[in-house]
Amino acid sequence: MHKITQVKSGIVLELDNMRIALDPNSSIDAELTFISHAHSDHMHMPNKKSSIIASRETVTIARRRGYDITDYYEVFNGLQLINSGHVLGSKALFVDGILYTSDICIRDRAFLQGARLPKCDILIIESTYGKEGFVFPSIEKVCEQANNIISKLYSNGVPVILLGYSLGKAQILTSLFKHWKPLYVYDSIHAINQVYKELGVDLVDALPYSFAEEEGLLKKRPWLMIAPIHGYKFIAEMKSRYSAVTIAFTGWSLSNRYSYYDYTLPLSDHCDFNELLKIVRECNPRKIYTFHGYSSELSSHLNRLGYTSEPLVKRSKNLLEFI
Ligand SMILES: [Zn+2]
Ligand SMILES: [Zn+2]
């Protein structure tokens, strides 16, 4: 018998002989704590009694970001960690026919390979973009659009800042736009790029922002920089000092959520709506739980298609269901 429970700080998977906390963001009483990847909303240091399961890459990145992880398992009896294609080292968890995707992306992007998932009995799937209409163009198309914008601005001597999350998106951008010179990266991104390189990813050496600023390099325009998408103060500074133009890369560019930037283009580290459906088709589960973002929309859609699905987040009680 298994039990899947949604508690405030995450999802708990109870198997016959153990409890596994899935990406808890605060302490959950469980023998095992699965950390799918090193984004901060998925990271919480469990109490000492709980053993951590994570990939070497996740632990390396997390440690560099200040998380104190001493011991962890990469391999654990009966548990399988599968590439989830979201950021470097991100994993889905497969145990006893139950597949937990965490944040997932099935497209290949630059050096990252998209997830390839097995058939399963129960699927616990993220639904960030689980609503009809969220369908992303190809990476090639997005790059072409971005390169055209950069090219026009460059010919007028205008510097361009590409924006994305510091961990994951920024490294993809560093790889996809390495042909633009000079290329600078914000300091926190530089630090993560270094970790990626240590872990074997072939990224170009781009100078950190603070060095370029100190050396007066930014006065020689144009240039390209990669910076954090939520660094509003920094962006405002760069705009007033250098008249930089911003291009943000996020799946939310398909909604109007990000009107702050000069351009937004749909490049995501998550599946789009069609890709979520593709996962469901290929995994062909008996039961689907959706969580995060448009969880009720995705569940309703799946039920209309003839699957059996319900959102995890909508239940207020701790106990969800015996399966
Ligand atoms: Zn994530
Ligand atoms: Zn997430």
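All residue numbers refer to positions counted from 1 along the written sequence of the respective chain. To label them, take the chains in the order written and letter them from A, then take the ligands in the order written and number them from 1. Local features in this predicted model are restricted to residues of pLDDT 70 or higher, and side-chain atom pairs are both shown and tallied only at a pLDDT of 80 or more, whereas totals for entire chains, interfaces and linings draw on every residue. Side-chain metrics rest on all non-hydrogen atoms present in the structure, leaving aside hydrogens and water.

Asks: What exactly am I supposed to notice about the pairing of strand β16 (residues 287-291) here?
Replies: Along a regular strand, successive side chains alternate from one face of the sheet to the other. Extensive coverage of β16 is indicated by the burial of five of its five residues. Throughout this description, buried means an accessible area under 20% of the type-specific maximum (1.4 Å probe, protein chains only), exposed means over 50%, and partly exposed covers the range between. Each helix is a run of H or I in the DSSP string that is no shorter than four residues. Each strand is a run of E no shorter than two, and both are numbered from the N terminus. In β16, alternate side chains face the same way, and those of K287, Y289 and F291 on one face and I288 and T290 on the other are all buried. Summarising the sheet, strand β9 (residues 122-126) and β16 pair through five bridges and their orientation is parallel. Counterpart to L123 in the pairing with β16 is I288. Between any two strands, at least two bridges found by DSSP are needed for them to pair.

Asks: Can you walk me through the pairing of β9 in this structure?
Replies: Of all five residues in β9, five are buried, a share of seventy percent or more. Here strand β8 (residues 98-100) runs beside β9; their pairing, made up of three bridges, is parallel. Pairing of L99 across the sheet is with L123, part of β9.

Asks: Please explain the state of the cysteines as it appears in this structure.
Replies: Defined simply, a disulfide is a covalent bond joining two cysteines at their sulfur atoms. The disulfide definition used here is simple: a pair of cysteine sulfur atoms within 2.5 Å. Considering all chains together, one arrives at zero disulfides under this definition. Among the cysteines around C271, which has no disulfide bond, C105 carries the closest sulfur, lying 5.6 Å off. Residue classification places C271 among the buried residues on the basis of a relative accessible area of 1%. Its sulfur unpaired, C283 is 4.5 Å from the next cysteine sulfur, which belongs to C120.

Asks: Would you mind showing me how to read the packing of helix α1 (residues 56-64) against helix α4 (residues 187-198) here?
Replies: A packed helix pair is summarised by two numbers, namely the angle formed by the two axes and the spacing between the axes. Note on method: axes are straight lines fitted to C-alpha atoms, helices fitted across the in-contact stretch only, with angles between N-to-C directions ranging 0 to 180 degrees. Between α1 and α4, the least distance of the axes is 10 Å, while the angle of their chain directions is 150 degrees. When the axis of α1 is compared with that of α4, the two are roughly antiparallel. Considering how the two elements wind past one another, α1 and α4 form a crossing that is right-handed. Together, T60, I61 and R64 of α1 and V195, Y196 and E198 of α4 make up the contact between the two elements. When the residues that make up the contact of α1 with α4 are grouped by side-chain class, the tally is three nonpolar, one polar and two charged. The cut-offs work like this: below 35 degrees is roughly parallel, past 145 is roughly antiparallel, 65 to 115 is roughly perpendicular, and the gaps in between are oblique. Two helices that cross are described as forming a left-handed crossing if the nearer one is turned anticlockwise from the farther one by less than a right angle, and a right-handed crossing if clockwise. Contacts were defined at the residue level, with two residues in contact if any of their heavy atoms lie within 4.5 Å. Throughout this entry, Asp, Glu, Lys and Arg are counted as charged residues, while Ala, Val, Leu, Ile, Met, Phe, Trp, Tyr, Cys and Pro are counted as nonpolar. The remaining residues, Gly among them, count as polar.

Asks: Help me understand unusual backbone geometry, please; the structure alone is not making it clear to me.
Replies: Where the residue is not glycine, phi is negative for most of them; where a peptide bond is considered, it is trans in most cases. Backbone torsion omega between K181 and P182 reads -10 degrees, so that peptide bond is classified as cis. The topology assignment puts P182 in the loop between α3 (169-176) and β11 (183-185). A cis amide bond, omega 5 degrees, links R221 with the succeeding residue P222. Mapped onto the secondary structure, P222 falls in the loop between α5 (209-214) and β13 (224-228). Even without being a glycine, S102 presents a positive backbone phi close to 55 degrees. With respect to the element layout, S102 can be found in the loop between β8 and β9.

Asks: Help me out: how do you make sense of the coordination of the zinc ion (ligand 1) in this one?
Replies: A metal bound by six donors in octahedral fashion has ideal angles of 90 or 180 degrees, whereas one bound by four tetrahedral donors has an ideal angle of 109.5 degrees. Donor selection uses N, O and S atoms within 2.8 Å of the metal (3.2 Å for Na, K and Ca). Since no water is included, sites may look incomplete. Taken together, H37 (NE2), H39 (ND1), H86 (NE2) and D103 (OD) make up the full set of protein donors to the zinc ion (ligand 1), lying 2.2 to 2.3 Å away. Any site counts as irregular unless it has four donors with all angles between 85 and 135 degrees, making it tetrahedral, or four or six donors with opposite ones more than 155 degrees apart and the rest between 65 and 115, making it square planar or octahedral. In this structure, the zinc ion (ligand 1) is coordinated by four donor atoms arranged in irregular fashion, with angles at the metal of 93 to 166 degrees. In the primary structure, the donors to the zinc ion (ligand 1) are separated according to the pattern H-x1-H-x46-H-x16-D. The metal-metal distance between the zinc ion (ligand 1) and the zinc ion (ligand 2) is 3.4 Å, with D103 coordinating both. With H37 in the loop between β4 (32-34) and β5 (51-53) and D103 in the loop between β8 and β9, this residue pair connects regions lying 66 residues apart in the sequence.

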